[in-house]
Amino acid sequence: MKEKKIQSQTLQHQVYQYLHEKIINGHILPGQRLVEEKIAQETGISRSPIREAIRRLAAEGLVSVNPRGGVRVYRATLDDFKYLYECRLSLEPTAAYFAAIRITDMQRMQLDQLMQALNTAVEQKDLDQLKTLSSRFHGAILEASANPYLAKMMKQVNALVSFYRNAVLNIPRRLEDGADEHEAIWRAIRSHDETTAEKLMREHIQADYQFYITAYSGTT
């Protein structure tokens, strides 16, 4: 019985990862319906683990479940993005500040490697890879801050933050500008310049917001 339960949890995680990646990267569009039968055909996984995965996605805010039946991918609004932007602006510069103070040698080496991969993805214009690595970059800075309460607060909104961050990366010119900003933030953290790291992260998030508002509100 215990082995069967572990297997079920593993399958649930697999289908969760499958759907999470497709939603975050925009391969399943906002407002699109998730159909259990179709997901089962695509993944070869039975419906029970799929339902559990969908519940997990709903808890993260990535899908909405209609009480009368039907599951749809979360459809973003400008107001939602504004509220998440305010959360990021409060939390992520603080994470960068403390990461510059507390980062370990191992974390520094891992972020060096991550930056190399990010730069390669930018050069190759590999958008899917860049979206994944960008999320990892911000996550690594949060981890380096070594503040469990800060990490807990960010975890509550992380899925939706990734959703919006990836939407911003779809905007022309943001790809290259964002890469330059990541590099500057990393240089500040690497050199233990906490004040500059905090300032640059704040400016990076503000730039994300302005690009998004300009692109998606119809302004110029």
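Given the structure is predicted, the values throughout are model-derived calculations rather than measurements. (Residues numbered from 1 in each chain as written. Predicted model: local features only at pLDDT ≥ 70, side-chain atom pairs only at ≥ 80, totals over all residues. Heavy atoms only, no water.)

**Some thoughts on the nonpolar core**
- Counting residues in hydrophobic clusters, the biggest one holds 66 residues, and the most contacted among them are Ile23, Leu62, Phe137, Ile141 and Ile189.
- At 11 residues, helix α7 (residues 148–169) tops the list of elements feeding residues into this core.
- Among residues more than four places away in sequence, those in contact with Ile23 are Ile28, Leu57, Leu62, Val63, Val73 and Phe163. (Core = buried A, V, L, I, M, F, W, Y, C linked by side-chain atoms within 4.5 Å. Buried < 20%, exposed > 50% of the residue type's maximum accessible area, 1.4 Å probe, protein only. Helix = DSSP H or I, 4+ residues; strand = E, 2+ residues; numbered from the N terminus. Contact = heavy atoms within 4.5 Å.)

**Comments concerning the side chain of Arg174**
- By the secondary structure assignment, Arg174 is in helix α8 (residues 174–190).
- Assessed through its relative accessible area of 1%, Arg174 is described here as buried.
- A polar atom in the side chain of Arg174 sits 3.4 Å from the backbone oxygen of His204.
- Those residues within four positions of Arg174 in sequence are excluded, and the remaining contacts are Val168, Glu181, His204, Ala207, Asp208 and Phe211. (Polar contact = N/O pair within 3.5 Å; in protein donor to acceptor, adjacent residues only side chain to side chain.)

**Describing the sheet that holds strand β2 (residues 63–65)**
- Reading across the sheet, the three strands line up as β1-β3-β2 and stay open at both edges, with antiparallel pairing between neighbours. Each end of this open sheet is capped by a strand with a single partner; those strands are β1 (33–34) and β2.
- Where β2 lies against strand β3 (residues 71–73), three bridges are found, and the strand directions are antiparallel. Its bridge partner lying in β3, Val63 is registered against Val73.
- Lying over the sheet, helix α3 (residues 47–59) contacts β2 and β3, oriented at roughly 110 degrees with respect to β2. (Pairing = 2+ DSSP bridges. Axes fitted to C-alpha atoms, helices over the stretch in contact; angles between N-to-C directions.)

**A look at the packing of aromatic side chains**
- With the rule as written, the count across this model stands at six aromatic pairs.
- Taking the centre distance of 4.7 Å and the plane angle of 50 degrees together, the rings of Phe81 and Tyr164 count as tilted. Within this pair, whereas Phe81 is found in helix α4 (residues 78–102), its partner Tyr164 is found in helix α7, the two being separated by 83 residues in sequence.
- Overall, the relative accessible area of 2% leaves Tyr164 in the buried class.
- The interplanar angle of 15 degrees and the centroid separation of 4.0 Å between the aromatic rings of Tyr85 and Tyr209 together place this pair among those described as stacked. Here Tyr209 lies in helix α9 (residues 194–216) and Tyr85 lies in helix α4, a separation of 124 residues in the sequence. Accessibility classification places Tyr85 together with Tyr209 in one group, the buried group.
- Taken together, the aromatic side chains of Phe81, Tyr85, Tyr164, Tyr209 and Tyr212 make up a single cluster linked through ring pairs.
- Here the basic side chain of Arg56 rests over the ring of Tyr16, its NZ or CZ set 3.6 Å away from the ring centre. (Phe/Tyr/Trp six-rings, centres within 6.5 Å; stacked < 30°, edge-to-face > 60°. Lys NZ or Arg CZ within 6 Å of the ring centre and 35° of its normal.)

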